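# Tertiary structure, described
This is what each chain is made of:
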Amino acid sequence: MSQTVDIRELNDKIASQSGFVNLIIKGMDQTIVGQKHLVESLLIGLLSDGHILLEGVPGLAKTLAIKSLASLIDAKYNRIQFTPDLLPADVVGTLIYSQKNEDFLVKKGPIFANFVLADEINRAPAKVQSALLEGMQERQVTIGDQTHLLPEPFLVMATQNPIEQEGTYPLPEAQVDRFMLKVIIGYPKKDEEKQIIRQNISGEKKVLKPVLKKKEILEARAVVHQVYLDEKIEKYIVDIVFATRFPEENGLQHLKGMISFGASPRASINLALASRAYAFIKQRGYVIPEDVRAVCFDVLRHRIGLSYEAEANSLTSEEIISEILNKIEVP
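Residues numbered from 1 in each chain as written. Predicted model: local features only at pLDDT ≥ 70, side-chain atom pairs only at ≥ 80, totals over all residues. Heavy atoms only, no water.

All of the buried residues along helix α9 (residues 214-224) are I217, A220, R221, V223 and V224. In an axial view of α9, the angular spread of the buried residues amounts to 160 degrees, which keeps them on one side of the axis. (Buried < 20%, exposed > 50% of the residue type's maximum accessible area, 1.4 Å probe, protein only. Helix = DSSP H or I, 4+ residues; strand = E, 2+ residues; numbered from the N terminus. Arc of directions from axis to C-beta.)

As a further point, take the sheet that holds strand β5 (residues 115-119). The strand order β2-β5-β8-β1-β9 describes an open sheet built from five strands, whose pairing is parallel. Across the chains shown, the open sheet's two edge strands, defined by having one partner strand only, are β2 (77-81) and β9 (181-184). Strand-to-strand twist across the sheet, computed as the mean angle between neighbouring axes with direction ignored, equals 20 degrees. (Pairing = 2+ DSSP bridges. Axes fitted to C-alpha atoms, helices over the stretch in contact; angles between N-to-C directions.)

Right, let's talk about the environment of I328 for a bit. You can see I328 is positioned in the segment after α14 (317-327). Under the relative-accessibility criterion, I328 is labelled buried at 6%. Put simply, I328 and S130 are 198 residues apart on the chain and 36 Å apart in space, counted from C-alpha to C-alpha. Every residue in contact with I328, bar those within four places of it in the chain, is listed here: Y236, D239, I240, A243 and N250. (Contact = heavy atoms within 4.5 Å.)

Scanning the model with the defined rule gives three aromatic pairs in all. Here the aromatic rings of F20 and F280 are separated by 6.2 Å at their centres, their planes lie at 40 degrees, and the arrangement is tilted. Taken together, the residues span a long stretch of sequence, with F20 in helix α2 (residues 19-31) and F280 in helix α11 (residues 265-281) at a distance of 260 residues. Its relative accessible area of 8% is what places F20 among the buried residues. (Phe/Tyr/Trp six-rings, centres within 6.5 Å; stacked < 30°, edge-to-face > 60°.)

A separate point is the packing of helix α3 (residues 36-48) against α11. Across the interface, α3 lies against α11 with an axial gap of 9 Å and an inter-helix angle of 115 degrees. Taken as axis vectors, α3 and α11 run roughly perpendicular relative to one another. Helix-helix and strand crossings are classified by hand; for α3 and α11 the assignment is right-handed. Facing E40, L43, I44, L47 and S48 of α3, the residues of α11 in contact are L273, A274, A277, Y278, F280 and I281. Here the contact of α3 with α11 is composed, by residue class, of nine nonpolar, one polar and one charged. (Parallel < 35°, antiparallel > 145°, perpendicular 65-115°, else oblique. Left-handed = near helix turned anticlockwise from the far one by under 90°. Nonpolar A, V, L, I, M, F, W, Y, C, P; charged D, E, K, R; others polar.)

Here helix α10 (residues 231-245) contains 15 residues, and its C-alpha end-to-end distance of 21 Å stays within 8% of the 21 Å for a straight helix at 1.5 Å per residue. Residues of α10 that are buried make contact with β10 (259-261), α11, α12 (289-300) and α14. (Expected span 1.5 Å × (residues − 1).)

Taken together, the side chains of L95, Y97 and F104 make up a nonpolar region of the molecular surface, amounting to roughly 320 Å² of accessible area. Tracing the backbone shows F104 in strand β4 (residues 103-108). (Patch = residues over 30% accessible without salt bridge, like charges linked within 9 Å, V, L, I, M, F, W, Y side chains within 5 Å. Areas by Shrake-Rupley, 256 points an atom, 1.4 Å probe, with all protein chains shown as cover. Salt bridge = Lys/Arg side-chain N within 4 Å of Asp/Glu carboxyl O.)

Here it is in structure tokens:
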């Protein structure tokens, strides 16, 4: 009974704390037409302190989305255009010699921002990619012999273009695993595209004003950590992740040869964190199986390695996740 009361209290607390979610969604709607899933994913990343990898063809408002989010939160935004000639120092910063002081001074790079857009991350060589990914993982950067902490909140949204292969350096699986979510962006619907045309030919520029301070984001994260995650939901998450490693133990023998490696423990952690954030967005103080299913594809799609056999049969990681979700018993 006390647990029920606690959850009721938590629901009230979340209802009062999550008011800004609607303000952000309303603000994003002023510049972004449709793309509800993209906006929700950005909010999940923001509330869970996780980074996002976006994949989609050019022109689907990937850059505009994070720029709009940064405008709605009183925060610093930087964009890094990744190119084959980019150097690690162009991302993290470097030491420059000052004749006046007769000493080396630290010049911080564009990674020192609250929101960093790594545009076309697969265009830069491995050295640059790893410099960014180290900052993402460690939340700090070493320049010379000094270590500098990155600001809070810190969210990296990296984009990659799936249609071009020439002049690109695909991210290794171990580095892709650092991203909490991999979101696939699709084309807009017909009526949405008409609205996009109208918005862009009207000549009006929407100026977004901040509706949230950085401090409020950090406070909201603390509340997200209080969202109730039942043991049955924990078991459900573990069952899903284990089914990607040992499909034959879950009656999915035909998938055994299709998966070269399953999801890591980082997937289980991120699935729990993302489910909590999703419940918070839906103004609920507890996680339900539908929350897990809602975030499952974005959390797992980049963490399942496909074998040559799967590629030969044109089997995608999404189809594998669908089969697993249909097979695993829902609590």
